[in-house]
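Structure at a glance
In case you want the letters, here they are:
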Amino acid sequence: MTRIQVLWLICFGIVGFFLAFPFIYGGRDYEYIMHICITGFFYAILASSWSMLAGYGGQFSFGHMGFMGLGAYGTALFSHYFYLSPKPTGLCTEFAFGDQYFIIKNPVGVTSSTLTQDCLTKAMENWNGTVEVTPMPIVLGILIGASLGALFGFLIGMLVLRLRAAYLALFTLGFSEILRATISAEIDITRGQAGIELPHLFENGVVLFGYEFTKTDKIPPYFVMFFLLLACLAILAWLAQSRFGLFIRALREDEDAAAALGINIVRYKVLVFVITCTMAALAGAVQAHYIGIITPNNLMIMQMSLVVAMAVIGGLENFAAAAIGAIIIEFILELLRNSFVIGDVEVDMTIWRLVFFGVLLMVTLRFYRNGLITPIIEFFTRAHVAAETVSKRTSEPSSNPTA
């Protein structure tokens, strides 16, 4: 069995393990471990897509969490403010579509006073349960959130990616902070730091594998996030093996040489930026529905630095390694929350775990520039090439003239 075959066997084994895990794990901390898995898949999507952007394309962006927030707030605002009703409220902004009315609630901020209660709640009180209002489909909200990520990614890309050097990094850093500040300030619409509550991914429950699950069960969102991760990795792998991947790697190495060969450098830089931003927004939208609430704190630069560190420790130039590294690091950071006692001193790991994480990052940058996971993957995918080349050369007759 060749090393490539062994690598594929390991990949199928990992996928099979995660597919079977929710049904074979029976620990008392089941809900907690499942939550870590779902969060790990979420960060794996962010880290792998950022790895494609920075590692393959050489475009360093610090706005990935900002685009995640666009996706999350896009679906949150959509599900919070828009409804369908068979009768007009007479209080809200509404538009007739056939026998249905498209209802837009008025923003009321975070107050719970009945004097500023939203118009739809007042209308439902007047109807006294005789009219059933339908919320908008969650899938549609997720698609809208992903589309917002793509739209803003395109606009920022067209504005900034014609420039070089650190302009993209600085611009996206400013974009994320401006977005977070705007969301925090627009309390009437976004509810500020109080956050916006969202319906769960399966608000009315779902039947899966012959079992009925409620909206708070972990198995349905586990598989949604896991298959979303697999889909993103499949798309990234296809792109990396195509001419698209060849072109963006050429841009990373030498933009001038790539332009001289006829590559439209702006087009491909914008394309890779839009694709990765869309993945981040899509992951953010799904994660927001899983958590059930989104706040501006999710867009903090600390979260962005975590994504970058996950990609670097896993392997910046290999999106699969970045995804694996993100899952492992998420588990390590959570398991390190447990404090312990040395003599008379209690070590609070809720603080020191970040120190451990920082030391791991510095060691990786100093001694393992390609990350900790990438060398393992390269052992199966590239190490055999050298041996085969040497074997082929030694088996060929010498071309040097004899004395």
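Residues numbered from 1 in each chain as written. Predicted model: local features only at pLDDT ≥ 70, side-chain atom pairs only at ≥ 80, totals over all residues. Heavy atoms only, no water.

**Brief notes about the overall build of the protein chain**
Helix and strand counts for the protein chain stand at 16 helices and ten strands. Dimensions along the principal axes, computed over C-alpha positions, put the protein chain at roughly 105 × 60 × 50 Å. Relative to its 403 residues, the protein chain shows a buried fraction of 43%. When the accessible surface of the protein chain is split by element, carbon and sulfur atoms take 65% of a total near 21400 Å². Mean positive and mean negative side-chain charge positions of the protein chain (23 and 27 charges, respectively) differ by 10 Å. (Helix = DSSP H or I, 4+ residues; strand = E, 2+ residues; numbered from the N terminus. Buried < 20%, exposed > 50% of the residue type's maximum accessible area, 1.4 Å probe, protein only. Areas by Shrake-Rupley, 256 points an atom, 1.4 Å probe, with all protein chains shown as cover. Lys, Arg positive; Asp, Glu negative; His and termini not counted. Charge placed at Lys NZ, Arg CZ, Asp CG, Glu CD.)

**Re helix H14 (residues 349-367)**
End to end, H14 covers 26 Å across 19 residues, agreeing with the expected 27 Å (1.5 Å per residue, within 8%). Taken together, the buried positions of H14 are occupied by Met 349, Arg 353, Phe 357 and Thr 364. Axial view of H14: buried residues confined to an arc of 90°, hence all on one face. In H14, the exposed positions that point more than 90 degrees away from the buried face belong to Ile 351, Met 362 and Arg 366. (Expected span 1.5 Å × (residues − 1). Arc of directions from axis to C-beta.)

**With respect to the environment of Lys 215**
Among the structural elements, Lys 215 can be located in the loop between strand E7 (211-213) and helix H8 (219-241). Of the residues examined, Lys 215 reaches a relative accessible area of 37% and is grouped as partly exposed. Residues Lys 215 and Ile 342 lie 127 residues apart in sequence; the distance between their C-alpha atoms is 43 Å. Leaving out residues up to four positions away in the same chain, Lys 215 has contacts with His 200, Phe 202, Glu 203 and Gly 205. One polar contact links Lys 215 to Glu 203, side chain to side chain, over a distance of 3.4 Å. (Contact = heavy atoms within 4.5 Å. Polar contact = N/O pair within 3.5 Å; in protein donor to acceptor, adjacent residues only side chain to side chain.)

**Some words on helix H11 (residues 265-291)**
If you check H11, its first and last C-alpha atoms are 39 Å apart, about what 27 residues at 1.5 Å a residue would give, namely 39 Å. Buried residues dominate H11, accounting for 21 of its 27 residues. Just downstream of H11, Gly 292 is the residue with a positive phi angle, here 95°.

**Side note on the state of the cysteines**
The tally for this structure, following the rule as stated, stands at one disulfide. Disulfide pairing places Cys 92 opposite Cys 119 at an S-S distance of 2.0 Å. With the S-S bond torsion at 115°, the cross-link from Cys 92 to Cys 119 turns out right-handed. With Cys 92 in the loop between strand E1 (82-85) and strand E2 (93-97) and Cys 119 in helix H4 (residues 119-127), this residue pair connects regions lying 27 residues apart in the sequence. Like Cys 92, the residue Cys 119 is buried in the burial classification. No disulfide involves Cys 37; its sulfur sits 18 Å from that of Cys 232, the nearest cysteine. With no disulfide of its own, Cys 232 lies closest to Cys 277 among cysteine sulfurs, the gap being 13 Å. Classification of Cys 232 by relative accessible area gives buried; the value is 4%. (Disulfide = S-S within 2.5 Å.)

**Topic: unusual backbone geometry**
Of note in the backbone geometry, Arg 191 takes a positive phi value of approximately 65° without being a glycine. Following the sequence through the fold, Arg 191 ends up in the loop between helix H7 (187-190) and strand E5 (196-197).

**Some remarks on the pattern of salt bridges**
Tallied over the entire structure, the rule returns four salt bridges. In this structure, the salt-bridge partner of Arg 180 is Glu 177, at a minimum N-O distance of 2.9 Å. With Arg 180 and Glu 177 both in helix H6 (residues 167-185) and three residues apart, the pair spans about one turn of that helix. A residue is classified by how much of its surface remains accessible, and Glu 177, at 29% relative accessible area, is partly exposed. Across the salt bridge formed by Glu 203 and Lys 215, the nearest N and O atoms sit 3.4 Å from each other. (Salt bridge = Lys/Arg side-chain N within 4 Å of Asp/Glu carboxyl O.)

**Notes on the packing of helix H5 (residues 138-160) against H11**
A pair of packed helices is captured by two measures, namely the crossing angle of their axes and the spacing between those axes. The geometry of H5 relative to H11 is characterised by a closest axis approach of 8 Å and an angle of 150° between their N-to-C directions. One element, H5, and the other, H11, form an angle in the roughly antiparallel class. For the crossing formed where H5 meets H11, the hand is right-handed. Residue-level inspection shows Ile 138, Ile 142, Gly 145, Ala 146, Gly 149, Ala 150, Gly 153, Phe 154, Ile 156, Gly 157 and Met 158 of H5 in contact with H11, the latter providing Val 270, Phe 273, Val 274, Cys 277, Thr 278, Ala 281, Leu 282, Ala 285, Val 286 and His 289. Its residues assigned to classes, the contact of H5 with H11 shows 15 nonpolar, six polar and no charged. (Axes fitted to C-alpha atoms, helices over the stretch in contact; angles between N-to-C directions. Parallel < 35°, antiparallel > 145°, perpendicular 65-115°, else oblique. Left-handed = near helix turned anticlockwise from the far one by under 90°. Nonpolar A, V, L, I, M, F, W, Y, C, P; charged D, E, K, R; others polar.)

**Some thoughts on the nonpolar core**
Membership of the largest hydrophobic core comes to 92 residues, with the highest contact counts inside it found for Phe 41, Leu 46, Met 52 and Tyr 222. Looking at this core element by element, the count peaks at 18 residues for helix H2 (residues 30-56). Beyond its immediate sequence surroundings of up to four residues, Leu 46 is in contact with His 64, Met 65, Met 68, Ala 280, Ala 283 and Val 307. By size, the runner-up hydrophobic cluster in this structure holds nine residues, among which are Cys 92, Ala 123, Val 131 and Val 133. (Core = buried A, V, L, I, M, F, W, Y, C linked by side-chain atoms within 4.5 Å.)

**Structural notes on the pairing of E2**
In the case of a regular strand, side chains alternate between the two sheet surfaces. Sheet topology note: the E2/strand E3 (residues 100-104) ladder contains five bridges and is antiparallel. Bridge assignment links Phe 95 to a residue of E3, and that residue is Phe 102. If you look at the hairpin formed by E2 and E3, you'll find two residues sitting between the two strands, and Gly 98 has a positive phi there, around 65°. (Pairing = 2+ DSSP bridges.)

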